[in-house]
Amino acid sequence: SQTIHQWPATLVQPVGSPLSLECTVEGTSNPNLYWYRQAAGRGLQLLFYSVGIGQISSEVPQNLSASRPQDRQFILSSKKLLLSDSGFYLCAWRGLALVANTGELFFGEGSRLTVL
Amino acid sequence: LAKTTQPISMDSYEGQEVNITCSHNNIATNDYITWYQQFPSQGPRFIIQGYKTKVKNEVASLFIPADRKSSTLSLPRVSLSDTAVYYCLVGPRGDSGYSTLTFGKGTMLLVSP
């Protein structure tokens, strides 16, 4: 079966420090991968999506970046965090007609980032 | 991509039926309507998906009129554990090729005793 993992689950970082969140998917190949952010009391904001290794599309211009060095690995990074980067970060994957044909998104456990 | 509009919040009591409506006026021919449920500090999870008419599963029903410009998620006999945010998404399914999936603000459903 397919699984998705994110880490770290929680982190507190000072303003100006770097960030690296990692997401891996198991049990599937060539998934579409997504990074979302949810600020406190807000909806889900799509940050990046990827349809293959090295292929990254950004939905919102900001100081974050994403990379996909391997088929089932998706990394969210920042060189210098801002206070506004605080939030709940969710990684998700979606298969191409491989799972139940609904194209549903499967989310990881999330990473809660607090920037002080 | 079709934009969706949902009520920001809804209140209900245990045992009642809850209907949450989503408007998607510019839905495309190959778009499906998918609903997700999100609890605090968790990722959303799939509830139900439909293309037209009515779809029903063990937890919800989805009603879609002929023009497909709106859809209604129906939750029968809600309980306290149904308190969550509900999102309506409109877009092609995974087997239609790559696509972005944008969530709206969702509807916060609060179920009281």
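Predicted, not measured: the structure shown is a model, and the values here were computed from it.

Scoring rules and cut-offs
Residues numbered from 1 in each chain as written. Chains lettered and ligands numbered in written order. Predicted model: local features only at pLDDT ≥ 70, side-chain atom pairs only at ≥ 80, totals over all residues. Heavy atoms only, no water. Helix = DSSP H or I, 4+ residues; strand = E, 2+ residues; numbered from the N terminus. Rg over C-alpha atoms; globule rule 2.2 N^0.38 Å. Buried < 20%, exposed > 50% of the residue type's maximum accessible area, 1.4 Å probe, protein only. Contact = heavy atoms within 4.5 Å. Lys, Arg positive; Asp, Glu negative; His and termini not counted. Charge placed at Lys NZ, Arg CZ, Asp CG, Glu CD. Polar contact = N/O pair within 3.5 Å; in protein donor to acceptor, adjacent residues only side chain to side chain. Salt bridge = Lys/Arg side-chain N within 4 Å of Asp/Glu carboxyl O. Buried area = accessible area lost by both parts, 1.4 Å probe. Nonpolar A, V, L, I, M, F, W, Y, C, P; charged D, E, K, R; others polar.

> Tell me what's going on with the overall build of chain A, and back it up with residues and numbers.
Looking only at helices and strands, one finds zero helices and eleven strands in chain A. Overall, chain A shows an N-to-C arrangement of helices and strands of β-β-β-β-β-β-β-β-β-β-β. What you see for chain A is a C-alpha radius of gyration of 14 Å, in line with the 13 Å of a compact globule of 116 residues. Over its C-alpha atoms, taken along the principal directions, chain A stretches across nearly 40 × 30 × 20 Å. The 116 residues of chain A split such that 49% are buried. For chain A, the proportion of contacts with a sequence separation of at least 24, taken over those separated by at least 6, is 56%. With 8 positive and 7 negative side-chain charges, chain A shows a spacing of 9 Å between the two charge centroids.

> Can you explain the side chain of glutamine 38 of chain A? Please cite residues and give values.
Its location among the elements puts glutamine 38 of chain A in strand β4 (residues 32-38). Within polar-contact distance, the side chain of glutamine 38 of chain A engages the side chain of tyrosine 87 of chain B at 3.1 Å. If we ignore the near neighbours within four places in the chain, the residues touching glutamine 38 of chain A are Gly43, Leu44, Gly87 and Phe88 of chain A together with Gln38 and Tyr87 of chain B.

> How would you summarise the pattern of salt bridges if you had to cite specific residues and measurements?
All names here are of chain A. Enumeration over the complete set of coordinates arrives at two salt bridges over all chains. The salt bridge involving aspartate 85 is made with arginine 37; its shortest N-O contact spans 3.4 Å. Here arginine 37 lies in strand β4 and aspartate 85 lies in the loop between β8 (73-78) and β9 (87-94), a separation of 48 residues in the sequence. Of the two residues examined, aspartate 85 and arginine 37, each falls in the buried class. Aspartate 71 is the salt-bridge partner of arginine 68, the closest N and O atoms lying 3.2 Å from each other.

> Help me get a handle on the interface of chain B and chain A, residues and values and all.
Counting residues at the interface gives 22 residues for chain B, matched by 26 residues for chain A. When the two sides are added together, the surface that chain B and chain A hide from each other amounts to roughly 1800 Å², 57% of it contributed by carbon and sulfur. Counting across the chain B and chain A interface gives five residue pairs in polar contact (both at pLDDT 80 or more). Secondary-structure elements contributing two or more residues to the side of chain B that touches chain A are β3 (32-38) and β4 (45-50) of chain B. Grouping the amino acids of the side of chain B that touches chain A by side-chain chemistry returns eight nonpolar, eleven polar and three charged.

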